[in-house]
Amino acid sequence: MSDNAAEVTAAGIARLAGVGRAAVSNWRRRHPDFPKPVGGTETSPSFALPAVEQWLRDQGKIAEVPLRERVWQQLAGHPAGAVTALIHAGCALLLVRDRPTAWLQLSAVSDEKLAALLSPALEEVLAPRFGPHRAVHTPDAPALAPSVPLLRATAELAAELGARQTYEFLLGRHLDANPRQYTLTPPGPAALMAALAGPARTVLDPACGTGTLLRAVAQGAGAKSADAQPDAAGSPDGRALHGQDSDPDLAALAALRLALHTENGGAEVRVAAADSLRADAFPRLAADAVLCHPPFNERNWGHDELAYDARWEYGFPARTESELAWVQHALARLREGGTAVLLMPPAAASRRSGRRIRADLLRRGALRAVVSLPAGAAPPYGVPLHLWVLRKPAPGGRPSHELLLVDTADLSAAGRDKLDWQALHGAVLDTWQTFDRDGTVEERPGVSRSVSVIELLDDDVDLAPARHLPPPAAGKGAAELAVVRERLAETLRQTTALTPPAGETAQPPRWPTTTVGELARAGALVLRAGGAGAGSGEPVLTEQDVLGGAAPSGTLPEGPAEDPVLLEAGDVVVPVLGGGSVARVVDDATAGAALGRGLQLLRPDPAALDPWFLAGFLRGTANNRQASSYASTSTRLDVRRLQLPRLPLADQREYGERFRTLAEFEDALRQAGRLGEQLVQGLYDGLTDGTVRPR
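By the naming in an unreviewed UniProt entry, the chain is N-6 DNA methylase, taken from Streptomyces albidochromogenes.

**Structural notes on the overall build of the chain**
A tally of helices and strands in the chain yields 23 helices and 22 strands. Counting all 695 residues of the chain, 49% fall into the buried class. Within the chain, counting contacts between residues at least 6 apart in sequence, those at least 24 apart form 74% of the total.

**Section: the environment of Ser581**
Following the sequence through the fold, Ser581 ends up in the loop between strand E16 (572–575) and strand E17 (584–585). Sequence-wise, Ser581 and Phe617 are 36 residues apart; in three dimensions their C-alpha atoms are separated by 9.8 Å. Ignoring any residue separated from it by four or fewer positions in sequence, one finds Ser581 in contact with Arg619, Gly620, Thr621 and Asn624.

**Quick look at the pairing of E16**
Regular strands have side chains that alternate between both faces of the sheet. With burial as the criterion, each face of E16 is covered, one bearing Val572 and Val574 and the other bearing Val573 and Pro575. Sheet topology note: the E16/E17 ladder contains two bridges and is antiparallel. Along E17, the bridge assignment pairs Val572 with Val585. With four bridges connecting them, E16 and strand E19 (residues 599–604) associate as antiparallel partners. Note that in E19 the partner of Val574 across the bridge is Gln600.

**Structural notes on the side chain of Arg358**
Position of Arg358 relative to the elements: it lies in helix H15 (residues 355–363). Buried within the structure, Arg358 lacks any salt-bridge partner; its nearest side chain of opposite charge belongs to Glu321, at an N-O separation of 4.9 Å. A distance of 3.0 Å separates the side chain of Arg358 from the backbone oxygen of Asp460, its partner in a polar contact. Contacts of Arg358, omitting those with residues within four sequence positions, involve Ala348, Ala349, Ser350, Arg351, Trp388, Asp460, Val461 and Leu463.

**A short note on the confidence of the model for the chain**
Model confidence for the chain is summarised by a mean pLDDT of 86, while 89% of its residues fall at 70 or above. Confidence drops under pLDDT 50 across residues 222–234; counting only partners more than four residues distant or on other chains, this segment forms 17 contacts.

**Comments concerning helix H10 (residues 163–177)**
The end-to-end C-alpha distance of H10 is 21 Å, a good match for the 21 Å that 15 residues give at a rise of 1.5 Å each. For H10, the full list of buried residues reads Ala163, Thr166, Tyr167, Glu168, Phe169, Leu170, Leu171, Arg173, His174 and Leu175. Elements that come into contact with the buried residues of H10 comprise helix H1 (10–17), helix H4 (67–76), helix H5 (82–98), helix H9 (148–161), helix H12 (212–220) and helix H13 (248–261).

**Topic: the packing of H1 against helix H3 (residues 49–58)**
How two helices pack is summed up by the angle between their axes together with the distance between the axes. Remark: H1 packs on H3, axes separated minimally by 11 Å, with the N-to-C direction vectors making an angle of 40°. In terms of orientation, H1 and H3 fall into the oblique class. Relative to H3, H1 is oriented so that their crossing is right-handed. Every residue of H3 that contacts H1 at Ile13, Leu16 and Ala17 is listed here: Leu49, Val52 and Leu56. Among the residues forming the contact of H1 with H3, the class breakdown is six nonpolar, no polar and no charged.

**Describing the pattern of salt bridges**
Opposite charge on two side chains lets them pair, provided their charged atoms get close. One pass over the structure, following the stated rule, counts 35 salt bridges. Two residues, Glu568 and Arg603, come together in a salt bridge whose shortest N-O distance is 3.6 Å. Within this pair, whereas Glu568 is found in the loop between helix H20 (543–548) and E16, its partner Arg603 is found in strand E19, the two being separated by 35 residues in sequence. The exposure class assigned to Glu568 is partly exposed, which follows from its relative accessible area of 42%.

**Describing the sheet that holds E19**
Spatial ordering of the open sheet is given by E14-E19-E16-E17, a layout of four strands whose pairing is antiparallel. Looking at which strands have only one partner, the edges of the open sheet turn out to be strand E14 (525–529) and E17. Running over the sheet, helix H21 (residues 611–618) touches E14, E16, E17 and E19 and is turned about 15° from E16.

**Considering unusual backbone geometry**
Across residues other than glycine, the phi torsion is negative in most instances, and most of the peptide bonds are trans. In this structure, the amide linkage connecting Pro379 to the following residue, Pro380, adopts the cis form with an omega of -5°. Here Pro380 is to be found in the loop between strand E9 (367–372) and strand E10 (386–391). Located in the positive-phi region is Asn297, a residue other than glycine, with phi close to 55°. Looking at the secondary structure, you find Asn297 in the loop between strand E7 (287–292) and helix H14 (322–332). For Asn297, a relative accessible area of 52% gives the class exposed. Of note in this structure, Val461 is not a glycine but carries a positive phi near 50°. Here Val461 shows up in the loop between helix H17 (453–456) and helix H18 (477–498).

**Focus: the sheet that holds strand E11 (residues 402–407)**
Neighbouring strands of a sheet are bound in pairs by backbone hydrogen bonds; such pairs are parallel or else antiparallel. Pairing is mixed in the open sheet, where nine strands are placed in the order E6-E5-E4-E7-E8-E10-E9-E11-E12. Single-partner strands in this sheet number two, and they are strand E6 (268–273) and strand E12 (448–452). With strand direction ignored, the average angle separating the axes of adjacent strands in the sheet is 15°.

**Some words on the packing of aromatic side chains**
Across all of its chains, the model carries twelve aromatic pairs by this definition. Ring geometry for Phe34 versus Trp55: centroids 4.8 Å apart, planes at 70°, classification edge-to-face. Here the residue Phe34 occupies a position in the loop between helix H2 (21–30) and strand E2 (39–40), and Trp55 occupies one in helix H3, the gap between them amounting to 21 residues. Given the relative accessible area of 5%, Trp55 is considered buried. Of the aromatic side chains, those joined through ring pairs into one cluster are Trp511, Phe613, Phe617, Tyr655 and Phe659. Taking NZ or CZ as reference, Arg68 lies 5.1 Å from the ring centre of Phe169, over its face.

**Here's the deal with the nonpolar core**
Ranked by size, the top nonpolar core spans 94 residues in total, and within it Leu118, Phe130, Leu192, Leu196, Leu291 and Leu387 carry the most contacts. Counting residues per element, this core draws most heavily on H5, at twelve residues. Leu387 has contacts with Leu192, Met193, Leu196, Val341, Leu342, Leu343, Ala369, Val370, Val371 and Leu373, leaving out every residue within four places of it along the chain. Trp301, Leu342, Leu367 and Val453 belong to the second largest nonpolar core, which has 43 residues in total.

**Focus: the environment of Ala23**
Along the chain, Ala23 falls in helix H2. As a C-alpha pair, Ala23 and Ala10 span 13 residues in sequence and 9.6 Å in three-dimensional space.

**Quick word on the pairing of strand E8 (residues 334–344)**
The buried count for E8 comes to eight of eleven residues, which makes it a mostly enclosed element. Following the backbone out of E7, through H14 and into the adjacent parallel E8, one traces a crossover that is right-handed. Where E8 and E10 come together, six bridges link them in antiparallel fashion. Within the sheet, the bridge partner assigned to Ala340 lies in E10 and is Leu390.

**Notes on H14**
The buried count for H14 comes to ten of eleven residues, which makes it a mostly enclosed element. Within the span of H14, buried status applies to Ser322, Glu323, Leu324, Ala325, Trp326, Val327, Gln328, His329, Ala330 and Leu331. Buried residues along H14 sit against E7, E8, H15 and E10.

Rules of the game
Per chain, the residues get numbers from 1 upward, laid out in the order the sequence is written. Totals for whole chains, interfaces and linings use all residues, but because this is a predicted model, local features are given only for residues with pLDDT of at least 70 and pairs of side-chain atoms are given and counted only at 80 or more. Side-chain measures here rest on the full set of heavy atoms in the structure, leaving out hydrogens and waters. Comment: elements are numbered from the N terminus, with helices defined as DSSP H or I runs of at least four residues and strands as E runs of at least two. Throughout this description, buried means an accessible area under 20% of the type-specific maximum (1.4 Å probe, protein chains only), exposed means over 50%, and partly exposed covers the range between. We call two residues in contact whenever any of their non-hydrogen atoms come within 4.5 Å of each other. A pair of strands counts as paired when DSSP detects no fewer than two bridges linking them. Two residue types count as positive, namely Lys and Arg, and two as negative, namely Asp and Glu; His and chain ends fall outside the count. Salt bridge, as applied in this entry: a Lys or Arg side-chain nitrogen positioned within 4 Å of an Asp or Glu carboxyl oxygen. Polar contact criterion, stated in full: a pair of N or O atoms within 3.5 Å, where within protein one must be able to donate a hydrogen and the other to accept it, and residues adjacent in sequence count only if both atoms are side-chain atoms. Values of pLDDT, ranging from 0 to 100, describe the predictor's confidence in every residue of the model. Multiplying 1.5 Å by the helix residue count minus one yields the expected span of that helix. Where helices are involved, their axes are fitted lines through C-alpha atoms of the stretch in contact, as for all axes, and angles between N-to-C directions lie from 0 to 180°. Just so you know how the angles are binned, under 35 degrees is roughly parallel, over 145 roughly antiparallel, 65 to 115 roughly perpendicular, and the rest oblique. Take the far helix as your reference; a near helix turned counterclockwise from it by less than a right angle gives a left-handed crossing, and one turned clockwise gives a right-handed crossing. Here the term charged refers only to Asp, Glu, Lys and Arg, the term nonpolar to Ala, Val, Leu, Ile, Met, Phe, Trp, Tyr, Cys and Pro, and the term polar to all other amino acids, Gly among them. Only Phe, Tyr and Trp rings take part, Trp by its six-membered ring, and two of them pair if their centres are within 6.5 Å. Stacked means planes under 30 degrees apart, edge-to-face means over 60, and tilted covers everything else. Two conditions define a charge sitting above a ring: the NZ of Lys or the CZ of Arg must be within 6 Å of the ring centre, and it must be within 35 degrees of the ring normal. Nonpolar cores are built from buried Ala, Val, Leu, Ile, Met, Phe, Trp, Tyr and Cys residues. Side-chain atoms within 4.5 Å join them into one set. The handedness rule is simple: strands pointing away from the viewer, and a clockwise path from the first strand over the helix to the second, make the crossover right-handed.

Here is the structure:
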């Protein structure tokens, strides 16, 4: 076996075989011939991928490892690291796409010879493609030697998916597996920023990361102009994508990604690895558009060494105003009339240390719009970020006297994966295009307004949209409140009908009891813990959903490559942290959701246990008290210690029916409480904004 063989973890083996990690642990214990670890740690060992694949085939666990999975495991286990493997794979994919005949001839030789021949062949493709600013350097033969099996498999996958799709798959898997290493711009805001910038032949992203913003431009560029002529660098349609990032690895990944998104004869790609503020790679560029998601709250952005830089045309940014340094860098790299769109933290619109620069941007007409996005649109997901739309003024031109302010908070929803990006794009773009054409827009309370610059030039120069938009009618009028009142009355009538009788007083029976742990060992139920794995878009039932009787509202955290626990009708879900007696029986509407963190699933065998009987007895106060353990700051429930009486199934169902009616009553009370709060707040709002009369 090669010393350079890729390695795979237990989670990777589980994905290869389509099983859980527990099954891999069982195989290691039960099969003496299971491959021995070749790396990793005692608690997280790694295994040679070829040996694992052969063992799985010999055992009949899989007929053949799926090609996508095999390529990913080779990349993830590359001895030089996944990023190096991605760069080598991207270089090879460019060769496969641009010179397929050359690749076929090269790949017919041995691995050792291919490594020697591949380096000069890659140089012939990379040198003209990336020009003088080369974020991607041609790997030599010794560096390529460990990657040859990966490159052969990558080329095979490209024949199936296409070169661009193959690279997107591998890069996406790498980014998903390492979420804390990268601050990414999601596709939704990236597409919106590209649309706000409008058609552009020359585009710059000075903090390009993995190239998401420039890729959005490439995707939205459309067909080439019929009368386009080659530019000086040789792009037939004159389009050029310029990127720069201080991280050399990210710059290389972005360059390869963009090159694979632009066919031969498409846009020129120029990506440099350097800090744009300290070492600008494109000092003479006059771009049509600049898109940027700059690093936020950077103190070490170059304040001391850049004090006399010519880019600070609107004022020298304070040490705490790194974002305003990026704004001015973007303006400095635009042609006259060019447009810049930056994703900004909301604090940049109101911090006192930046008010003089904001004021000068307004006076000179450089800042044209501030758009407040919903929370959850981009990281950090808990903050409603802003988009700043800027335009470089022409010398002697007449500056605009209006600023467009847009607030999209009404388009927000619970969870970042539930934003209606189509509606958000339409609302923002329609408003911006009207303002850009006419210089003003019709006022929409709570949504958008064209504000006079004079009105904003006060002591604070606060540009937060919500502070300048007239509020919508929060009370929504007496008619709608009357509807809420009627729904509340109907719900209260239901709670009256559902109010359970107190029941008859009886002596406590002396039932024989068992525990959840004993039932699990006997096979009467299955226990599963929530929160593992990364799902494929399923909604997640969270601890808060269970406590509040709400529909699934969460998303699974990034984690190891494991399948999530999916709920089925009749499952019983119990929170294990915080104390309290709560249990929820999963209905058809909730089935299919994933089980979230801090929850324990109990899946009863319907021939042995009634789910409502199980859930009801799990909620007993005394039962929870004896099964709980206590730390200094929290309480944890040991579900296995919860007790149940041993009763025939018919008696279980009698108890279960009573527990089910109690749950219906509890739901009705929750609904009445929500409607009551809505009615009270609506009346407060209506009385204070004048839509409801005190009479």
